[in-house]
Amino acid sequence: MIVIILTNRGRCELCTCWSHAESAYPGAFIYLNCRSSPCSRSQYCSIMFSRKSPNFTDLLGGRFCAGADHLFSIYTRASVRTIHDRRQRIMSCSKYMPAPVCLIENDENGKLRVRKEAKDILDGITEPVVVVSVVGLYRTGKSYLMNRLAGQQSGFALGSTIESKTKGIWMWCVPHPNKKGHTLVLLDTEGLGDVAKGDSKNDGWIFCLAVLLSSTLVYNSRGTIDNTAVEKLHYVVELTEQIKIRSTEAPDEEEGEDSEFVRFFPSFIWVVRDFTLELEIDGKKVTDDDYLEFALNLRKGVSKKTRDYNLPRECIRRYFPSRKCFVFPFPVTCHKNMTRLEILQDQDLAQQFLEVTGHFCDHMFVNSDVKRLKGGHIVTGQLLGHLVEIYVETISSGEVPCLENAVVVLANLENQTAVQEALKVYQTGMEELKKTLPVSIENLTCEHQKFSSLAIAKFTERSFKDEKMEYLKKLEEAVSMFYTDLLEENKMTSERKCRDLLKNLSSDMNKRMQDGEYSQSGGYELYKRDRDAIVEQYHREPNKGIRAEAVLEEFLKEREPEANSILCMDNKLTENEKQINKEKENAALLKQKLKEEEEKRIESEKMMETEKARHEDRVKQMQESFKKEKQQQQQEMDRAIDSKLKEQEEMLKKGFKEEAYNLKEEIKKLKNEKERLHGGGIFKDYVMPFLCPLVETVPNLLMQRSMIKSLTKGLKR
């Protein structure tokens, strides 16, 4: 059962909204919460107004909601699309996960472990993912925000006591409401600073995992952003000890490694809950973002107290590529209702709180980016699952998570899968052709080119960081082996078909031979007529395959002693006529031999043409793949450079010359790295030297097999 509450604020639009709600939710119970009189535009509106629920208070209290699958209110100022979008969101949530599951378990000893149930869910998601993590002190209402992002009233556990409800990291995957073909992954983390746990190191790893896994990080706090609130975010300072970018670092490079965090870290959003002050600075009204920037202002000075004050602020400013703030007022006027947020409906909540919640959700849906790896590669649900396992296993082993190592491991896993999937594309297509053997060389090479091109496209679609073409080479070798086997099978099938055909066609001739019909006077002409008829009928038979001329040449060669014998015994012919016929026999055999050689030449040329075309297609596809990877890396660089340029400008405005100079050096380093990437030497240095020899792969394999075949025949003799 679905219960819908239509609330009219200020002006009547019920006649429009009621009809759309009825069409969007057939069979739903629709109640009116009218705060104005009905409009006079139509009689229909007045009739609906009279249908207002007489027990509306009981409805809100839950008496009518006990059996409802979904109960939510729709303001009549919402567009028709909003009504349908909400319905779609509700319907589609159950398609993925009806409720959140634990992704990373955090046991009582602080041991982290990935839950198989959650990993299996991620393994089933092949779409790109937008990952939003929420962190913050325990009992600050983090879970409520995540439920709203999921389009649900409940889901992530909301507690009403001082005890932390969320343990470890919980996950909810829902279809992204704005980005078609994307999945929104919501991660609700265990509350930081839980007195019952009393393990700040474990809290640090929870925070670290939220940063590493998300594309947007939401930090949730209560009250105001004062110095105490900033100090409680000390986990961001500890990230330099908990995250490495490269696996091996020179001592001088390792010290400044955190300057590159901005390239790989998520966007940062600070949510301030239960804010009761006026948003004013020096008597002037300011925005939520202005309030955050004011709280993150640095102090001038070199004392330890000033350094300690500035450190967490500097980390927030330097590590995250963008930052934003949302200030939420109290959600309800009655303090007792604070413990009932999970069951309260929109009309029970403060209007300003609802508006900020709406702005927050809209911002997250529009501005939260797809999760990417170091290097810019887009993360799917499957990749996210592997990433979770890699980081948790690293932390559990006592090591520090390394972004570069994680990318290498993920690339190996993805590239192996890419090879298997691409090979399957090729094999599936060629297996269909296999059912029709024997086929002409034109048909075979055409299909080979078609499906090998599709296989390369499938490979490049999924693979990444295969800079030395190790996995592409494996794919090409596997494709070449399959193709070579198929060529051989096509030949053998053609040979069998042609031999069987000649055997059937020559059965009458063989019987005549046994009966001695060709041993009589004039027998040679009769023999020659029957043999020519067999050859003519053989040529008329279609679909003999690529060995048609070769098998016919063997057939005629085998019959040569027989023909010579009949020619010699034919008393009707003079010696001169016998000599002329002998020369004709030799000429016919030579002509057939030339046809066989022509058949081989055409086959060889066609194969070389196909391999050349495949090579050009490979180069083109790999160029596009490397161009795409390079663009992703440059976008990553541009985002980092833009962030640091804004920060540098801010530092200069406020007189922090030393900090601005340090940022200038970091920007210079990033720009140099970008120029190096723009050079594109990888494709020239690694890809082309590998791709060129592949043109000869199939012909070489065929030559090897031909030599082995000839050697085997020689040994048998």
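Note that the structure is a prediction, hence the values are computed from the model and not measured.

Conventions we followed
Residues take numbers from 1 onward in each chain, read along the sequence in its written order. Residue-level local features of this predicted model are given only where pLDDT is at least 70; pairs of side-chain atoms are given and counted only at 80 or more, and the full residue set underlies all totals for whole chains, interfaces and linings. Just so you know, side-chain values use all the structure's heavy atoms and leave hydrogens and water out. A helix here means a DSSP run of H or I that spans at least four residues, while a strand means a run of E at least two residues long, and both kinds are numbered starting from the N terminus. The cut-offs for exposure are 20% and 50% of the maximum accessible area for each residue type, with area from a 1.4 Å probe on protein chains only; residues under the lower value are buried, those over the upper are exposed, and the others partly exposed. Stacked, edge-to-face and tilted labels apply to pairs of Phe, Tyr and Trp rings (six-membered ring for Trp) whose centres lie within 6.5 Å, assigned for plane angles under 30 degrees, over 60, and everything in between, in that order. Angles shown run from 0 to 180 degrees and are taken between the N-to-C directions of axes, each axis being a line fitted to C-alpha atoms and, for helices, limited to the stretch in contact. In this description, contact between two residues means that some pair of their heavy atoms is separated by no more than 4.5 Å. As a working rule, the residues Ala, Val, Leu, Ile, Met, Phe, Trp, Tyr, Cys and Pro are called nonpolar, Asp, Glu, Lys and Arg charged, and the rest polar, with Gly in that last group. We define a nonpolar core as any set of buried Ala, Val, Leu, Ile, Met, Phe, Trp, Tyr and Cys residues linked to one another through side-chain atoms lying within 4.5 Å. Points on a 1 Å grid over protein atoms alone make up a cavity when a 1.4 Å probe fits among them but cannot get out, and a pocket when they form an open set with protein on both sides within 12 Å along at least five of seven lines; lining residues each have an atom within 4 Å of a point. Grid points are joined across faces, edges and corners, and a volume is the space filled by probe spheres set on the points. In short, DSSP must find at least two bridges between two strands for them to pair. Salt bridge criterion: a side-chain nitrogen from Lys or Arg within 4 Å of a carboxyl oxygen from Asp or Glu.

J.: Help me understand the environment of Leu 645 in this model?
T.: Tracing the backbone shows Leu 645 in helix H22 (residues 575-653). Overall, the relative accessible area of 33% leaves Leu 645 in the partly exposed class. Sequence separation of Leu 645 and Ala 660 is 15 residues, and the distance between their C-alpha atoms is 9.3 Å.

J.: Is there a simple way to think about the packing of aromatic side chains in this case?
T.: Note on aromatic pairs: each is described by the distance of the centres and the angle between the planes. Within this structure, the stated rule accounts for 16 aromatic pairs. With centroids separated by 5.0 Å and ring planes inclined at 90 degrees, the aromatic side chains of Tyr 219 and Trp 270 adopt a geometry described as edge-to-face. Of this pair, Tyr 219 sits in strand E9 (residues 216-222) while Trp 270 is found in strand E10 (residues 267-273), placing the two residues 51 residues apart along the sequence. The burial state of Tyr 219 is the same as that of Trp 270; both residues are buried. The rings of Tyr 219, Phe 261, Phe 265, Phe 268, Trp 270, Tyr 319 and Phe 320 are connected pair by pair, giving a single aromatic cluster.

J.: I tried to follow the packing of helix H5 (residues 116-123) against helix H15 (residues 381-396) on my own but got confused; where do I start?
T.: Between two packed helices, what matters for the description is the angle formed by their axes and the separation of those axes. It is at 7 Å that the axes of H5 and H15 come closest, and there the two elements cross at 145 degrees. Listed contacts from H15 to Lys 119, Leu 122 and Asp 123 of H5 are Gly 381, Gln 382, Leu 384, Gly 385, His 386 and Glu 389. In the contact of H5 with H15, the residues fall into two nonpolar, four polar and three charged.

J.: Would you take a moment to explain the side chain of Ser 452 for this structure?
T.: Of note, Ser 452 is situated in helix H17 (residues 441-462). Taking relative accessible area as the criterion, Ser 452 reaches 3% and is therefore assigned buried. Apart from the residues within four sequence positions on either side, Ser 452 is in contact with Tyr 426, Val 479 and Arg 614.

J.: Would you take a moment to explain the nonpolar core for this structure?
T.: Generally speaking, a soluble globular protein has its nonpolar side chains buried in company with each other. Counting residues in each nonpolar core, the largest one holds 102 residues, and the members touching the most others are Met 171, Phe 207, Leu 239, Trp 270 and Phe 360. The greatest single-element share of this core, amounting to nine residues, is contributed by helix H7 (residues 200-213). Each residue touching Leu 239, except ones within four places of it in the same chain, is listed here: Phe 207, Cys 208, Val 211, Phe 261, Phe 265 and Tyr 319. Of all hydrophobic cores here, the second largest spans 28 residues; its members include Ala 418, Tyr 471, Phe 482 and Leu 487.

J.: Could you clarify how one ought to interpret empty space enclosed by the protein in this entry?
T.: Using a probe with the size of a water molecule, rolled over the atoms, empty space left in the structure can be pinpointed. Going through the model one piece at a time under the given rule, you end up with four cavities of 30 Å³ or more. Computed from the structure, the largest cavity encloses a volume of approximately 120 Å³. Considering the residues around the largest cavity, the lining is formed by Val 211, Leu 212, Phe 264, Phe 265, Lys 371, Arg 372, Leu 373, Lys 374, Leu 387, Tyr 391, Leu 403 and Val 407. Mapped onto the lining of the largest cavity, the elements with two or more residues apiece are H7, H15 and helix H16 (403-434). The residue makeup of the lining of the largest cavity, split by class, is nine nonpolar, no polar and three charged. Counted as a void, the second largest cavity has a volume near 60 Å³. Around the second largest cavity, the lining residues are Phe 459, Thr 460, Ser 463, Phe 464, Lys 465, Asp 466, Glu 467, Met 469, Met 622, Ser 625, Phe 626 and Glu 629. Listed by contribution, the elements that provide at least two residues to the lining of the second largest cavity are H17 and H22. Counting residues per element, the lining of the second largest cavity draws most heavily on H22, which supplies four residues.

J.: Can you help me understand the sheet that holds strand E7 (residues 169-175) in this one?
T.: Either a parallel or an antiparallel arrangement is found when strands of a sheet pair, and the pairing is made through backbone hydrogen bonds. Spatially, E5-E4-E7-E8-E6-E9-E10-E13 is the arrangement adopted by the eight strands of the open sheet, whose pairing is mixed. For this open sheet the edge positions go to strand E5 (112-114) and strand E13 (323-327), each flanked by a neighbour on one side alone. Going from strand to strand, the sheet's axes swing by 20 degrees on average, the running direction of each strand aside. Sheet analysis places strand E6 (residues 129-136) next to E9, joined by five bridges and oriented parallel.

J.: Can you help me understand the pattern of salt bridges in this one?
T.: Side-chain pairing between opposite charges can occur once the charged atoms of the two side chains come close. Within the structure shown, the criterion is met by 43 salt bridges. The partner of Arg 323 in a salt bridge is Glu 293, with the nearest N and O atoms 2.8 Å apart. Taken together, the positions of Arg 323 in strand E13 and Glu 293 in helix H12 (residues 288-295) put the pair 30 residues apart, joining distant regions of the chain. Between Glu 414 and Arg 462 there is a salt bridge whose closest N-O contact spans 2.9 Å. With Glu 414 in helix H16 and Arg 462 in helix H17, this residue pair connects regions lying 48 residues apart in the sequence. Judged by relative accessible area, Glu 414 falls into the buried class, the value being 4%. A network of salt bridges, in which partner residues are shared, links Arg 246, Glu 260, Arg 263, Glu 636 and Lys 669.

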